[in-house]
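Descriptive structure summary
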Amino acid sequence: TQLLEQSPQFLSIQEGENLTVYCNSSSVFSSLQWYRQEPGEGPVLLVTVVTGGEVKKLKRLTFQFGDARKDSSLHITAAQPGDTGLYLCAGQNTNAGKSTFGDGTTLTVKP
Amino acid sequence: KAGVTQTPRYLIKTRGQQVTLSCSPISGHRSVSWYQQTPGQGLQFLFEYFSETQRNKGNFPGRFSGRQFSNSRSEMNVSTLELGDSALYLCASSLMLPRTGAEAFFGQGTRLTVV
């Protein structure tokens, strides 16, 4: 069974601070996605990473896939209240076809 | 392009009843997955359908079942409802691509409350 562990589970910071959340596994994934979910809504896809060592930027968000494709991180610069939400990572093994989700990091950014 | 549509958005049922939830995927997406989300358990995989066939199944009791139609629309059914079935049920459609894998596009979910 492939498992994804996310840390920290909860994070509460002030507007303007930087933060990093982590997604770790002992398994290798062929691709990994990050999602953000707001209360009462479904998760929304932020990014997909597929190559070991890959770095992708989405405005103030920077996503990195580990060299061995077992872990990933999400770094947010100068967080804003609009970044508040549940951040989920999900990985796939090409042969399996289904996604394995982490338990998520709940981020609260206070104005 | 229309997103994933789930109906109904909210549902209140009594213990012992059964419920059917519906999901219309993004046009062209043949894979539909269902998840149960609760505060304590996170996002739990129920099952995945591809071209009307159940391709993957999570670790849920047989009271949870699903199906997919030829137009890729999917339904999930929960029989003999229990209080613990109260949750947000999410449907996701995806297009498996060689480069990006199975990027999931989620509906807004159905909030089921069992009383």
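Preceding this section is the structure that the text describes.
Everything numeric in this text was worked out from a predicted model, so none of it was measured.

Rules used in this analysis
- Residues numbered from 1 in each chain as written.
- Chains lettered and ligands numbered in written order.
- Predicted model: local features only at pLDDT ≥ 70, side-chain atom pairs only at ≥ 80, totals over all residues.
- Heavy atoms only, no water.
- Contact = heavy atoms within 4.5 Å.
- Buried area = accessible area lost by both parts, 1.4 Å probe.
- Salt bridge = Lys/Arg side-chain N within 4 Å of Asp/Glu carboxyl O.
- Phe/Tyr/Trp six-rings, centres within 6.5 Å; stacked < 30°, edge-to-face > 60°.
- Helix = DSSP H or I, 4+ residues; strand = E, 2+ residues; numbered from the N terminus.
- Buried < 20%, exposed > 50% of the residue type's maximum accessible area, 1.4 Å probe, protein only.
- Lys NZ or Arg CZ within 6 Å of the ring centre and 35° of its normal.
- Polar contact = N/O pair within 3.5 Å; in protein donor to acceptor, adjacent residues only side chain to side chain.

Contact with chain B, which involves 21 residues of that partner, is made by 22 residues of chain A. Counting each side, the surface lost to burial between chain B and chain A is near 1700 Å², with a carbon and sulfur contribution of 52%. On the chain B side of the interface with chain A, the three residues burying the most area are Leu43, Arg99 and Phe106 of chain B, jointly 24% of the side's total. At the surface where chain B touches chain A, the tally comes to zero salt bridges.

Right, let's get into the packing of aromatic side chains. Counting across every chain of the model gives nine aromatic pairs over all chains. An angle of 40° between the planes, with centres 5.6 Å apart, marks the rings of Tyr35 of chain A and Phe101 of chain A as tilted. Here Phe101 of chain A lies in strand S10 (residues 99-101) and Tyr35 of chain A lies in strand S4 (residues 31-37), a separation of 66 residues in the sequence. On the basis of an interplanar angle of 65° and a centroid distance of 5.2 Å, the ring pair of Phe60 of chain B and Phe64 of chain B is categorised as edge-to-face. Each of the two residues, Phe60 of chain B as well as Phe64 of chain B, counts as buried. Linked through ring pairs, Tyr35 and Phe101 of chain A together with Tyr35, Phe45 and Phe106 of chain B together constitute an aromatic cluster. Sitting above the plane of the Phe50 of chain B ring, Arg55 of chain B keeps its charged end 4.3 Å from the centroid.

Residues and elements named next belong to chain B. Residue placement: Ala92 occurs in strand S9 (residues 87-97). Sequence separation of Ala92 and Ser74 is 18 residues, and the distance between their C-alpha atoms is 10 Å. With residues up to four places along the chain from it excluded, the contact list for Ala92 reads Ser31, Val32, Ser33, Tyr35, Ala104, Phe105 and Phe106.

Residue and element names in this part refer to chain A. In this structure, Thr105 sits in strand S11 (residues 105-110). Accessibility expressed as a relative area gives 0% for Thr105, which makes it buried. A polar contact is formed between the side chain of Thr105 and the backbone oxygen of Pro8, at a distance of 2.6 Å. Beyond its immediate stretch of four places on either side in the chain, Thr105 contacts Gln6, Ser7, Pro8, Gln9, Val21, Gly85, Leu86 and Tyr87.

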